[in-house]
Structures are given as C-alpha cells and as structure tokens.
Amino acid sequence: MEPLGWIEIIGRMVWQFLPVWVALAMVFGLSIAFKRRLGLYGRLFDSPVGMIGFGIVMFWVFTGFFADLIITHDPLTQLSGMKNVLPGTPLKSPGSGYDYYLLGGDNLARDVFSRMVMGARRVLAIAPAATAFAFIMGISLGLPAGYFGGKLDTSLSFLANLVLAFPVILLFYLLVTPEIRQTAIPGTMAAILFAFPLLFVTVAINSRWFPKPRQRNRMLAVALAIGLWAYAGLAFNADPLGVWSMDPNLLNVFVSVVFVNSPGVFRIVRGLVLDLKARDYVAAGQTRGEGPWYLMIWEILPNARGPLIVDFCLRIGYTTILLGTLGFFGLGVSPESPDWGSTINEGRRLLAIFPHPAIVPAFALMSLVLGLNLLADGLREESLKD
C-alpha cells in the first residue's frame, strides 16, 4: 500500500470524527432553535466569539465521549515497524486493524492519532470535575467569609493568601511527587476536600426548604445517602459496589488541582459577596426573616453567577495547562497514559527529526484552551447584559 497524502489523511480523519460532527450539529441546532428559553446559555449563541469557543470546547468534549468509536488503534499497542513513521504510513503487517497510522507513530510505535483522541478523554475526565470541586470549596468558604466578615474572614483570607503566595507549578510538583503519594497526606486532603460538596448540598437544602420539614427531610435523606456513598468511595475507596472509586495516582492529581484552585475561587466569591450583600434584595430577605445561609446561597450566589461562570471556564483552561505540565514532567496519571502532556514529553526528544508526535498533542491542548478562553469571553460579554 502507498502512503496517504495530506488530503486523504484529512478526509479520513474527518470521517473518523463523524460521531462528533453529528453530536455538534444536534447541539447547535437545538440550542439555536430554543436559545430564547435557555437564559445565559442561549444568549451565548448571539455572540460569534462565544459560539466559536463553545464549538471548539464541545468538539473535544464529544471527542472524549466517543473516543472508543473514533480511534483507529489501541493507544497503548505497539506495532512492529511503525516507530516514528510519518503521517499516512501504511502498516507493515496489514490485517492488524486499521491499515494506516493517520498522524504517524511515536518513538514506541504507537498510533499518534489514537493517543491524541484518547488523551482528550483523560484531560476532560479530570479538569472540569476537579475545577467544579474547587468551586464548591471556594464558594462554601467564600460566602460566609464575605457575608459575616470579622475574624472568620481574616482567618480564611490569610490561609487563602498563604496558598496563593506559593508558586503554583512548584506546589503542584510537590503534591504529586512519589514521596508524597506514599504518605497519608493525599488521603487526608481527599477526606477534607471531598466533604465540602456534601456539606454545601446539605446546607443548601436545609436553608431552602426549612419551612417545609417533611419535604426537607426527604430531600436530605436522598442527598445524604448518595453523598455519603460517593464520599466513602472517592475519599476512602470504600464503596462496596465499586461505582465510586478513583485510582490512587488520579486521586493525588485530582486533590492537588482542587487544593490549588480553591483559594482563587474563594477570593473571587468573597469579593462578590462583599459587594452584593449590601443590595436591596438582601435587605428585603432579612426583613422577611430569612436566615443568613438562605440569603447567601439562594439570593447572593445566583446574582454572582455571571463572573463565576466566566471564571469557571477560564480556570478549566488553566487546569488543563497544569495537567499538561504535570504530564510533561512525568507526574501525570500514569507513565503510559495517553494524556497530552505525557505525549508531548515523549515526542520532544526527537522533535528536530520527527516533530509530529509532539506537535499533534500540543495543537490539541492549545485548541482546547483557546476554545475555553473564547467561550469565557462570550459568556463575559453576555453576562454583562444581565
């Protein structure tokens, strides 16, 4: 078989991504058709920048979701004679699955295209979820700090500033080193950090439905049952059903992302609460006799959603870069993982001779972060219209 030309390579890659194109068409079609009913998300489609950013981000989200359908080879399989081959090279032994390495092979004779696709799943399995946990922790501490002030605010702000004063990359590097993994520090941090979502949901339900005890108790029972089940599995790997579990290396990286990002979220939430707590709707709630937690969660927090949504998108981008940096230093989820940082690190050694193994994941990482930044710009533009 003859090697493929670039037009044929692009055509075959476009075909491999068919499930992604179908999913994108459905999402954009439905979103544009019902955008007037979808609030801030719907108004995003009035912003060209926001639409482009959303399209890029969702492309990688669907790529991660449909990765098993898109890949042409197992990302960990090494095929004889395919070491550092150029894009479009046919297999030396036809009949081993797909007949070509569309984007070439790496220094271990693995398919670069399949590793890029599966790397999207790795990145998107960690960055958004870890950022969401960091936001819950930052919100849980930032709301009372800004609302009550005093010694509570001073103490929490000092701790946040202490973490923020430490170089982020160095802090990440220290938290995920093998020496730290062997201590009780990751498990202790996980037990503390994973408790915040459970506490936040419990307080939110109790404050919102406190006047209706029967309904509140039912909702609390369901939330606590699911929350404690997830908490036991994620923090202590004690889920008997195995639904909630996390590999120790992944847990270490996950906890590190939450710990590093939450102080920044705390500072943003605290600042927003200091401004919003003086608004008329808060005073009206106090006049009605509403409790402080009701006012913080159900009055102040919804009115701070615009800046927080924008920061959430930007922070996922920062987290993606940090995860890539960790993988580049060999401190990612696992040495053989197809995450983009590890793949870039493996490809850089022969960058001058065979650039494709490093350029492909670097371009994927760059495009995802660019999409997140454009999405944040579009959300910022539309949120200012509220």
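Keep in mind the model is a prediction, meaning the values are calculated, not measured.

## Remarks on the overall build of the chain
Point 1. Looking only at helices and strands, the chain features 18 helices and two strands.
Point 2. Relative to a compact globule of 386 residues, whose C-alpha radius of gyration would be 21 Å, the chain shows 23 Å and is just as compact.
Point 3. Referenced to the eigenvectors of the C-alpha coordinate spread, the extents of the chain come out at roughly 80 × 55 × 40 Å.
Point 4. The buried share of the chain, reckoned over its 386 residues, is 50%.

## Remarks on the pattern of salt bridges
Point 1. A complete count under the given rule lists 11 salt bridges for this structure.
Point 2. Its salt-bridge partner being D46, residue K35 comes within 2.9 Å of it at the nearest N-O pair. One end of the pair, K35, is in the loop between α2 (18-33) and α3 (39-43); the other, D46, is in the loop between α3 and α4 (48-65), with 11 residues separating them in the sequence.
Point 3. Exposure remark for K35: the relative accessible area of 18% places this residue in the buried category.

## Comments concerning helix α11 (residues 195-208)
Point 1. Compared with an ideal rise of 1.5 Å per residue, which puts 14 residues at 20 Å, α11 spans 20 Å between its outermost C-alpha atoms and is within 8% of the ideal.
Point 2. Tucked into the core, α11 has its buried residues touching α6 (112-148), α10 (185-193), α12 (213-236) and α15 (292-303).

## Description of the nonpolar core
Point 1. By size, the foremost hydrophobic cluster in this structure holds 77 residues, and its most contacted members are F113, M116, F194 and W340.
Point 2. Among the elements that make up this core, the one with the highest residue count is α6 (13 residues).
Point 3. Beyond its immediate chain neighbours, meaning those up to four positions away, F194 contacts F133, Y231, L234, A235, L251, F254 and V255.

## Re the packing of α6 against helix α18 (residues 356-383)
Point 1. Two numbers describe how α6 lies on α18: the axes approach to 10 Å, and their chain directions differ by 35 degrees. Considering only the axes of α6 and α18, their crossing is right-handed. Residues V112, M116, V123 and L124 of α6 lie in contact with α18, whose contacting residues are H356, P357, V360, A364 and L368.
Point 2. Classifying every residue of the contact of α6 with α18 gives eight nonpolar, one polar and no charged.

## Digging into a nonpolar patch on the surface
Point 1. A surface patch of nonpolar side chains, amounting to about 860 Å² of accessible area, comprises W6, I10, V14, W15, L18, W21, V22 and M26.
Point 2. Of all the secondary-structure elements, those providing two or more residues to the nonpolar patch are α1 (6-16) and α2.
Point 3. Positionally, V22 belongs in helix α2.
Point 4. Residue V22 is classed as partly exposed on the basis of its relative accessible area of 43%.

## A few points about the side chain of T72
Point 1. With respect to the helices and strands, the residue T72 is situated in the loop between α5 (67-70) and β1 (89-90).
Point 2. Here the side chain of T72 touches D111 through a polar contact of 2.8 Å, side chain to side chain.
Point 3. If we skip the residues at most four places from it in the chain, T72 touches Q16, Y98, Y100, L102, D111, F113 and S114.

## A word on the packing of aromatic side chains
Point 1. The final tally for this structure, using the stated rule, is 21 aromatic pairs.
Point 2. Both rings, one in F28 and one in F54, keep their centres 5.6 Å apart while their planes meet at 55 degrees; by these two values the pair is tilted. In this pair, F28 sits in helix α2 while F54 sits in helix α4, placing the two residues 26 residues apart along the sequence. We note that F28, like F54, is buried.
Point 3. Ring plane angle 85 degrees and centroid distance 5.4 Å describe the contact between Y41 and F45, whose orientation is recorded as edge-to-face.
Point 4. Its relative accessible area of 31% is what places Y41 among the partly exposed residues.
Point 5. According to the relative accessible area criterion, F45 is buried, its value standing at 5%.
Point 6. A network of ring pairs unites the aromatic residues F17, W21, F59, W60, F113 and W340 as a single cluster.

## Focus: the packing of α6 against helix α13 (residues 248-276)
Point 1. Running from N to C, α6 and α13 cross one another at 35 degrees; their axes reach a closest spacing of 6 Å. The crossing of α6 and α13 is right-handed.
Point 2. Considering only residue class, the contact of α6 with α13 consists of 21 nonpolar, five polar and one charged.

Thresholds, definitions, all that
Residues numbered from 1 in each chain as written. Predicted model: local features only at pLDDT ≥ 70, side-chain atom pairs only at ≥ 80, totals over all residues. Heavy atoms only, no water. Helix = DSSP H or I, 4+ residues; strand = E, 2+ residues; numbered from the N terminus. Rg over C-alpha atoms; globule rule 2.2 N^0.38 Å. Buried < 20%, exposed > 50% of the residue type's maximum accessible area, 1.4 Å probe, protein only. Salt bridge = Lys/Arg side-chain N within 4 Å of Asp/Glu carboxyl O. Expected span 1.5 Å × (residues − 1). Contact = heavy atoms within 4.5 Å. Core = buried A, V, L, I, M, F, W, Y, C linked by side-chain atoms within 4.5 Å. Axes fitted to C-alpha atoms, helices over the stretch in contact; angles between N-to-C directions. Left-handed = near helix turned anticlockwise from the far one by under 90°. Nonpolar A, V, L, I, M, F, W, Y, C, P; charged D, E, K, R; others polar. Patch = residues over 30% accessible without salt bridge, like charges linked within 9 Å, V, L, I, M, F, W, Y side chains within 5 Å. Areas by Shrake-Rupley, 256 points an atom, 1.4 Å probe, with all protein chains shown as cover. Polar contact = N/O pair within 3.5 Å; in protein donor to acceptor, adjacent residues only side chain to side chain. Phe/Tyr/Trp six-rings, centres within 6.5 Å; stacked < 30°, edge-to-face > 60°.

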